[in-house]
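Commentary on secondary and tertiary structure
Here's the letter readout for the chains.
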Amino acid sequence: MEGALEQHLDDTMKNPAIVGVLCTDAQGHNLGCRGSLSDEHGGVVSVLARQAASLTKDPTDSPTVCLESDSGNILVRTHGTITLAVHKMAS
Amino acid sequence: MGCCFTTDINQGDSVKPLIPDPSLDPTSGSEQNTGTLPSNHTDEEDQQKSILRRAALSIIDVSAVVSQGLEQREYMDRARQYSTKLEVLNRTLSQKNPVFLPSLTSQPHQVLAADLVTYSDLQQLSKIAAYAYSAISQIKVDAKEDVVVQFSI
């Protein structure tokens, strides 16, 4: 059943600039991860996205949280009931 | 009861109240109505007095307390004593709780001056998120057979 998601994560990692990807549900439970992002980041990622969403009154507006560091950027975004985090190196 | 040292059992006028109670007197018409208002007032006054009494009992007048004057010397001694105690406590506390915040980068100016996240990156992210969501929505229960099975014994 989860084959489609696993395949999608593998396809995402094929991008040379992407070194990690993580998919969680609304409670921070890890649905799939690759590379530099793993299980332990699930909680933080989901909470960050939820807190950012509370900054705007528009419920359809899904903000993107960017964590910038000298080892790349981690972009976090919620889509529906899932939260996705992508660790991308600066190109 | 009558007067002292008498066996007169005829109570008569000795217990008759000097001021007639207006609420008991049925003959006075308008007097009765005006009579009830003053009694309400006295009830309220009594209540207010009891409230004031209770408040007065529970009030602590700080200004009335005579403070023992501390000499300058003793004051400085105590201040020194407290600060040394606090230093000892601070030291023990900081040993127990290490700093949990990680240092993210040694060159913050470089990170801050770096290029912003590009719009194409954001679009790519939202596309990945949309694909992931549709992939997850394909995860569903596939009912193949009945859960409840009849045993033929």
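Residues numbered from 1 in each chain as written. Chains lettered and ligands numbered in written order. Predicted model: local features only at pLDDT ≥ 70, side-chain atom pairs only at ≥ 80, totals over all residues. Heavy atoms only, no water.

**Considering the interface of chain A and chain B**
- The interface of chain A with chain B comprises 26 residues on the first partner and 22 residues on the second.
- Both sides together, the interface formed by chain A and chain B hides about 2100 Å², and carbon and sulfur atoms give 73% of it.
- Per-residue buried area on chain A facing chain B is highest for Met1, His8 and His79 of chain A; these three make up 25% of the total on that side.
- The residue Lys88 of chain A makes a salt bridge to Asp121 of chain B at a minimum N-O spacing of 2.6 Å.
- The interface formed by chain A and chain B holds four residue pairs in polar contact (both at pLDDT 80 or more) in total.
- When contributions to the side of chain A that touches chain B are tallied by element, the ones reaching two or more residues are helix 1 (3-13), strand 1 (18-25), strand 3 (64-69), strand 4 (72-79) and strand 5 (82-88) of chain A.
- Among the elements that line the side of chain A that touches chain B, the one with the most residues is strand 4 of chain A, at five residues. (Contact = heavy atoms within 4.5 Å. Buried area = accessible area lost by both parts, 1.4 Å probe. Salt bridge = Lys/Arg side-chain N within 4 Å of Asp/Glu carboxyl O. Polar contact = N/O pair within 3.5 Å; in protein donor to acceptor, adjacent residues only side chain to side chain. Helix = DSSP H or I, 4+ residues; strand = E, 2+ residues; numbered from the N terminus.)

**Quick look at the nonpolar core**
- Within the largest apolar cluster, 16 residues are counted, with the highest numbers of intra-cluster contacts made by Leu5, Cys23, Leu84 and Val86 of chain A together with Ala132 of chain B.
- Secondary structure elements with two or more residues in this core: helix 1, strand 1 and strand 5 of chain A together with helix 4 (119-137) of chain B.
- Per-element accounting of this core gives the leading share, six residues, to helix 4 of chain B.
- Leave out the neighbours within four places in its chain, and Leu5 of chain A touches Cys23 and Leu31 of chain A together with Ala132, Ala135 and Ile136 of chain B. (Core = buried A, V, L, I, M, F, W, Y, C linked by side-chain atoms within 4.5 Å. Buried < 20%, exposed > 50% of the residue type's maximum accessible area, 1.4 Å probe, protein only.)

**Focus: the confidence of the model for chain B**
All names here are of chain B.
- With 73% of its residues at a pLDDT of 70 or more, chain B has an overall mean of 79.
- Considering each helix and strand of chain B separately, the mean pLDDT is smallest for helix 1 (residues 30-58), with a value of 78, and largest for helix 4, with 93.
- Below pLDDT 50 for its whole length, residues 28-33 participates in four contacts with residues either more than four positions away or in separate chains.
- Interface confidence for the predicted complex, expressed as ipTM, amounts to 0.92; the pTM equals 0.56. (pLDDT = per-residue confidence, 0-100.)

**A closer look at the sheet that holds strand 2 (residues 30-35) of chain A**
All names here are of chain A.
- Spatially, 2-1-5-4-3 is the arrangement adopted by the five strands of the open sheet, whose pairing is antiparallel. Among the strands making up the open sheet, the edge pair consists of strand 2 and strand 3. In this sheet, neighbouring strand axes are inclined to one another by 10 degrees on average, regardless of whether the strands run parallel or antiparallel.
- Bridge count for strand 3 against strand 4 is six bridges, and the pairing is antiparallel. (Pairing = 2+ DSSP bridges. Axes fitted to C-alpha atoms, helices over the stretch in contact; angles between N-to-C directions.)

**Some details on a nonpolar patch on the surface**
- Together, Leu70, Tyr75 and Met76 of chain B give the surface a local cluster of nonpolar side chains, amounting to about 310 Å² of exposed area.
- Tracing the sequence through the fold places Leu70 of chain B in the loop between helix 1 and helix 2 (72-96). (Patch = residues over 30% accessible without salt bridge, like charges linked within 9 Å, V, L, I, M, F, W, Y side chains within 5 Å. Areas by Shrake-Rupley, 256 points an atom, 1.4 Å probe, with all protein chains shown as cover.)

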